[in-house]
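Examining the three-dimensional arrangement
Chain by chain, the residues:
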Amino acid sequence: MPLNLRSDFFFVLCQRGAEAALKRYVERYVPGLRPGYQRPGLLTFRSAQTVLPESTLDIPLARTFGMSLGTHADLAAVIARIAELPLPLRLHVSECELFRPGEAPLSHHAGELARQTEAALQAALPNQFLEGRQAQPGELVLDVVVAPGDPILLGLHRHTPVQSPHPGGTYVYEVPQDAPSRAFRKVEEAILAFELPLRAGDVALELGAAPGGTAYALLRHGVHVIGVDPAAMDPQVLAFVGPGSARLTHLPIALGALTQAMLPARIDWLLLDVHLAPQVALRAARRVAAMCRRSLLGAVLTLKLNDWAFVDKVPRFLDEARALGLREPHARQLPAHRQELAIAGLTALGEQRRKNLLGGSTSPARRVTVSSL
Ligand SMILES: C[S@@+](CC[C@H](N)C(=O)[O-])C[C@H]1O[C@@H](n2cnc3c(N)ncnc32)[C@H](O)[C@@H]1O
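The rules we used
- Residues numbered from 1 in each chain as written.
- Predicted model: local features only at pLDDT ≥ 70, side-chain atom pairs only at ≥ 80, totals over all residues.
- Pairing = 2+ DSSP bridges.
- Helix = DSSP H or I, 4+ residues; strand = E, 2+ residues; numbered from the N terminus.
- Axes fitted to C-alpha atoms, helices over the stretch in contact; angles between N-to-C directions.
- Buried ≥ 20, exposed ≤ 12 C-beta atoms within 10 Å, placed from the backbone.
- Contact = placed C-beta atoms within 7 Å.
- Domains from an automatic or database assignment.
- Nonpolar A, V, L, I, M, F, W, Y, C, P; charged D, E, K, R; others polar.
- Near = placed C-beta within 6 Å.

Let's talk about the sheet that holds strand β4 (residues 64–72)
- One open sheet accounts for 7 strands, arranged β2-β3-β1-β4-β7-β6-β5; its pairing is mixed. Every other strand in the sheet has two partners, leaving β2 (33–39) and β5 (90–95) as the edge strands with one partner each. Between one strand axis and the next, the sheet turns through 35° on average, direction left out of account.
- Here β5 runs beside strand β6 (residues 140–146); their pairing, made up of 6 bridges, is parallel. Along β6, the bridge assignment pairs V93 with V144.

Regarding the sheet that holds strand β13 (residues 330–332)
- Judged by pairing direction, the sheet is mixed, and its 7 strands sit side by side in the order β10-β9-β8-β11-β12-β14-β13 without closing on themselves. Taken across any chain shown, the strands that pair with only one partner, and hence form the sheet edges, are β10 (248–251) and β13. Neighbour-to-neighbour, the strand axes of the sheet open up by a mean angle of 15°, direction not taken into account.
- With 4 bridges connecting them, strand β11 (residues 269–272) and strand β12 (residues 298–304) associate as parallel partners.

Some details on helix α5 (residues 213–220)
- Counting buried positions over the 8 residues of α5 gives 7, a clear majority of the element.
- Taken as a whole, α5 has its buried residues at G213, T214, A215, Y216, A217, L218 and L219.
- As for α5, its buried residues are in contact with α4 (183–193), β8 (203–207), β9 (224–228), α6 (235–239), β10 and β11.
- Remark: G222 follows α5 within two positions and exhibits a positive phi of approximately 85°.

Here's the deal with the domain arrangement of the protein
- Structurally, the protein comprises domain 1 (7–169) and domain 2 (183–357).
- Contact residues are listed per partner, giving 16 residues for domain 1 and 13 residues for domain 2.
- Residue composition of the side of domain 1 that touches domain 2, by class: 9 nonpolar, 4 polar and 3 charged.

A closer look at the site of the ligand
- Lining the immediate surroundings of the ligand are 21 residues, of which S181, A183, G208, T214 and A231 lie closest.
- If you tally residues by element for the shell around the ligand, the top one is α5, at 3 residues.
- Among the residues forming the shell around the ligand, the class breakdown is 12 nonpolar, 7 polar and 2 charged.

In C-alpha cells:
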C-alpha cells in the first residue's frame, strides 16, 4: 500500500565538521525546527509543520536536504520500505564524509560504501528506479544516506533547481589533471550551483587569483580573466589560451592598489577568493564592484570562515552583497569548500542575461524558510 508521503522530520547533509554551525544557524534563523538524530555530516530536524517531499529549506551549510523517512537497520529493511513508495523514483545514494576536508589519507577512496549500496539496491529492486543519477525537475528523489557502521537513513525530495541534481548535493564536471588549485573545483561548482549564465567572450575580474585554478576553469569556458594577486600565477595558466582566444592578464598587485584606470571598460563577472576576514573582503569587493557597475552581470565571493561563528553573520553578508548590486544573492557551502562558503548572485543585467538564455522564464524561486507546500 503506498505510504502517506509526509513526515515530521527533515534530513540535512553537510560537510563533516560543519554540524554545530549548521544547527546554530537553524536555531537562529529557521523557526519551527528542533534538532533530532545526528551523525557526522548528517542531521535531522523535527519540524513544527508537516514535511512533504516538496518542502524546502534555505540553509547555507546544507549540501542537500529532504523529508526524512527515518533510519533503517540494514539493507533488508531499506528494501522493504522502498517497496512501499510510489514509482518512479530517482535513486540518490550518498555517503557521509569520513574525514574533514583535506584530512583524508591518500589511500582513502570516498564513496565506496555508497557504490556498493547502490549496486545492491539496483540488483534487489530491478526496474524500480529511473535510469541514471541526474534528477530532472519534478522527479521524486529517494535519498539513501550511508556511513560505515551506521543505520541507513532514507529520505525523499521533489527535485527543483534549488538543489544539486546529483546524489548528496555533489556536482559533476571535469577536473583536468593539470588544474593548479582546488579553486578550479570551487568555481565550477559555483557556476552550476548558482546557475551563472556565463558566455564565451565574457570578461572576469578575479581578486586573489594565484596560482590560478579559477582562472584556468574560466579560460576553459572561453572567459577572459584579469587576475589580481601579488603572488605568482601558474605559468601554464598564464600561457593557456581558451576558446575564442580567452587569456589571463595578471595584475601583480594587492587588491587595495587596484584602480579603475587599470581595468577595461567592460567587466562581466567579479570573483573574490582572498584570505581576509569576511567583512574586509566584502568591503573590498564593494569598492571594486563600483568600478564595474555599468557592465557587471554577477559575482562569486568566497568567504573564509576562520571561525564557524561567521556563519551567524550570513544574513548581514547577504545585505552587503545586495549593496554591491546583486539582486538575490545566496550563500552556499559547496562540496569543494573547506571552512569557507560562497556568496553569489546576479545584478539586474545578469538576471536579464539569464532570462534571455532561458527563453523568458526567470530563475527558480529560492524560498527563504520552511515551506510545506
Ligand atoms: C585561496 S588563494 C586564491 C586561489 C585562487 N583563486 C586560485 O584560483 O588558485 C588566496 C590568494 O589571495 C591572495 N591575496 C591575499 N591578500 C590579497 C590582497 N590583499 N590582494 C590580492 N590578493 C591577495 C594570496 O596571495 C593568495 O594567492
